[in-house]
Amino acid sequence: MTVQTPPRARRRRSGRFAPYVYLAPAMTLFALFLALPIGYALYLSFRTVKVSGLGLGKGARTEVWAGFDNYARSLTDPDFIDSVIRVALYGLVLVPVMLGLALLFALLLDSRRTRARGFSRVSIFLPYAVPAVIASLLWGFLYLPRVSPFYYVFDKIGWDAPDILSSQWVLFAIANIGLWGGVGFNMIVIYTALKAIPSELYEAARLDGATEVQIAWRIKIPVVTPSLILTFLFSMIATLQVFAEPMTLRPLTNTISSTWSPLMKVYRDAFTRDDIYSAAATSVIIALATFALSFGFLRLVQRRAFSQENS
């Protein structure tokens, strides 16, 4: 005699696998296009090519185990060290100014006296929608003295404008492109957090005689501190991964080397020198440094960032 499973039990059993069915496409794409490439890059970072004789003929070039030699070469490479220093200076210039402007614009948009909020919000956010390569090309032509309308106006006025793409100013030129494109995104994040603040807090502060500046300084900024921490984290990660801006400007000037940023060095090693093993090791170092800085920063500010959620 066969015992039939009740329909309710069958539905309960099939319901257990329903979440995995919905997650399967995302998990498959994650495995194919993220997990496997990361694993393969990690594997290549421990390999190298051994050349026999002149390196000609079948079997003259064989892939062998290299251990940590690629990592040692990357960490002691002067080009890599210089690129890290340049990116650190780039971040010191870009991140504070970008977050300061984003906070200022968010506070201005949230003010009661602000008019045309929708237009202003879209205008500030719109540069973020422009791809980094397109923005770099646009700004690159504005930086060139022979084609830039700004240099033409300065020349007619009689002012001596500096060469923005010179070695003295090129870091600020690249930072300006990142600033132009990043302020809008961070402003939207902070502005969204400001709109979540109960209006009763503002009314109570105004009844106590607080001005708009005092409300912004003593209420708004402390409340949106978790959003500021989040935007700082995103900005720091983007700074460590800067690539499109200097790579696009490089054909326009001789002051940007092929190893201006760490990712540009990875690109040069992999696609110019055909040394994918050293490039893989440098990529792993950059990934580990990004993770370590992000995790360390969150550990440092976690009490301040999550105190409101835990209270």
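Keep in mind the model is a prediction, meaning the values are calculated, not measured.

S.K.: Report on the packing of helix 5 (residues 132-143) against helix 7 (residues 170-195), specifying residues and quantitative values.
M.R.: At a minimum axis distance of 10 Å, the contact between helix 5 and helix 7 shows a crossing angle of 135 degrees. The angle between helix 5 and helix 7 falls in the class oblique. Judged by the sense of rotation from one axis to the other, the crossing of helix 5 with helix 7 is right-handed. Between helix 5, through Ala135, Ser136, Trp139 and Tyr143, and helix 7, the contact on the second element is made entirely by Ala173, Asn176, Ile177 and Trp180. Grouping the amino acids of the contact of helix 5 with helix 7 by side-chain chemistry returns six nonpolar, two polar and no charged.

S.K.: Residue-level account of helix 12 (residues 262-271), with values.
M.R.: Turn by turn, an α-helix covers 3.6 residues, leaving residues three or four places apart pointing in a common direction. Burial of helix 12 is extensive: seven of the 10 residues sit out of reach of the surface. Within helix 12, the full set of buried residues consists of Pro262, Met264, Lys265, Val266, Arg268, Asp269 and Ala270.

S.K.: Outline the pattern of salt bridges, listing residues and values.
M.R.: Within the structure shown, the criterion is met by nine salt bridges. Of the charged contacts, one joins Glu212 and Arg206 as a salt bridge, the two residues approaching to 3.1 Å between their closest N and O atoms. Residue Arg268 is joined to Asp269 by a salt bridge in which the shortest nitrogen-to-oxygen separation is 3.0 Å. Overall, Arg268 belongs to the buried group, its relative accessible area being 8%.

S.K.: Any chance you could break down unusual backbone geometry for me, citing the residues and the numbers?
M.R.: Positive phi, close to 55 degrees, is recorded for Asp274, a residue that is not glycine. Tracing the chain through its elements places Asp274 in the loop between helix 12 and helix 13 (276-310). Residue classification places Asp274 among the exposed residues on the basis of a relative accessible area of 62%.

S.K.: Tell me what's going on with the environment of Thr259, and back it up with residues and numbers.
M.R.: Considering the arrangement of structural elements, one finds Thr259 in the loop between helix 11 (244-249) and helix 12. The buried category is assigned to Thr259, whose relative accessible area is 5%. Sequence separation of Thr259 and Met247 is 12 residues, and the distance between their C-alpha atoms is 9.5 Å. Look past the residues within four positions of Thr259 in its chain and what remains in contact with it is Asp79, Ser83, Arg86, Met264, Lys265 and Arg268.

S.K.: Please give an account of the nonpolar core that cites residues and values.
M.R.: With 42 residues, the main nonpolar core has Tyr90, Ile190 and Val224 as its most contacted residues. Counting residues per element, the ones that place at least two in this core are helix 3 (78-110), helix 5, helix 7, helix 8 (199-207) and helix 9 (212-223). Setting aside its immediate chain neighbours within four residues, Ile190 contacts Ala102, Leu103, Ala106, Val224, Ser227, Leu228 and Thr231. Ranked by size, the runner-up nonpolar core spans 10 residues in total, among them Phe46, Tyr71, Phe80 and Ala270.

S.K.: For the packing of helix 3 against helix 10 (residues 225-240), give the residues involved together with the corresponding values.
M.R.: Contact pair helix 3 / helix 10: the axes reach a minimum separation of 10 Å and the direction vectors enclose 150 degrees. For the element pair helix 3 and helix 10, the recorded crossing hand is right-handed. Contacts between helix 3 and helix 10 involve Val87, Tyr90, Gly91, Leu94, Val95, Met98, Leu99 and Leu103 from the first element and Leu228, Thr231, Phe232, Ser235, Thr239 and Leu240 from the second. Looking at the contact of helix 3 with helix 10 residue by residue, the class counts come to 10 nonpolar, four polar and no charged.

S.K.: Break down the packing of aromatic side chains for me, with residues and values.
M.R.: Considering all chains together, one arrives at 17 aromatic pairs under this definition. Plain terms: the ring middles of Trp169 and Phe172 are 5.8 Å apart, the flat faces sit at 55 degrees to each other, and that makes the pair tilted. Given the relative accessible area of 43%, Phe172 is considered partly exposed. An aromatic cluster is defined as three or more aromatic residues linked by ring pairs; in this entry it consists of Phe46, Trp65, Phe68 and Tyr71. We note Lys220 situated over the ring of Tyr202; from NZ or CZ to the ring centre the distance is 5.1 Å.

S.K.: Residues and numbers for the side chain of Ser83, please.
M.R.: You can see Ser83 is positioned in helix 3. You can call Ser83 buried: its relative accessible area is 0%. For Ser83, the side chain forms a polar contact with the main-chain oxygen of Phe80, separated by 2.6 Å. Once residues lying within four places of it in the same chain are set aside, the contact partners of Ser83 are Thr259, Trp260, Ser261 and Pro262.

Parameters and conventions
Residues numbered from 1 in each chain as written. Predicted model: local features only at pLDDT ≥ 70, side-chain atom pairs only at ≥ 80, totals over all residues. Heavy atoms only, no water. Axes fitted to C-alpha atoms, helices over the stretch in contact; angles between N-to-C directions. Helix = DSSP H or I, 4+ residues; strand = E, 2+ residues; numbered from the N terminus. Parallel < 35°, antiparallel > 145°, perpendicular 65-115°, else oblique. Left-handed = near helix turned anticlockwise from the far one by under 90°. Contact = heavy atoms within 4.5 Å. Nonpolar A, V, L, I, M, F, W, Y, C, P; charged D, E, K, R; others polar. Buried < 20%, exposed > 50% of the residue type's maximum accessible area, 1.4 Å probe, protein only. Salt bridge = Lys/Arg side-chain N within 4 Å of Asp/Glu carboxyl O. Core = buried A, V, L, I, M, F, W, Y, C linked by side-chain atoms within 4.5 Å. Phe/Tyr/Trp six-rings, centres within 6.5 Å; stacked < 30°, edge-to-face > 60°. Lys NZ or Arg CZ within 6 Å of the ring centre and 35° of its normal. Polar contact = N/O pair within 3.5 Å; in protein donor to acceptor, adjacent residues only side chain to side chain.

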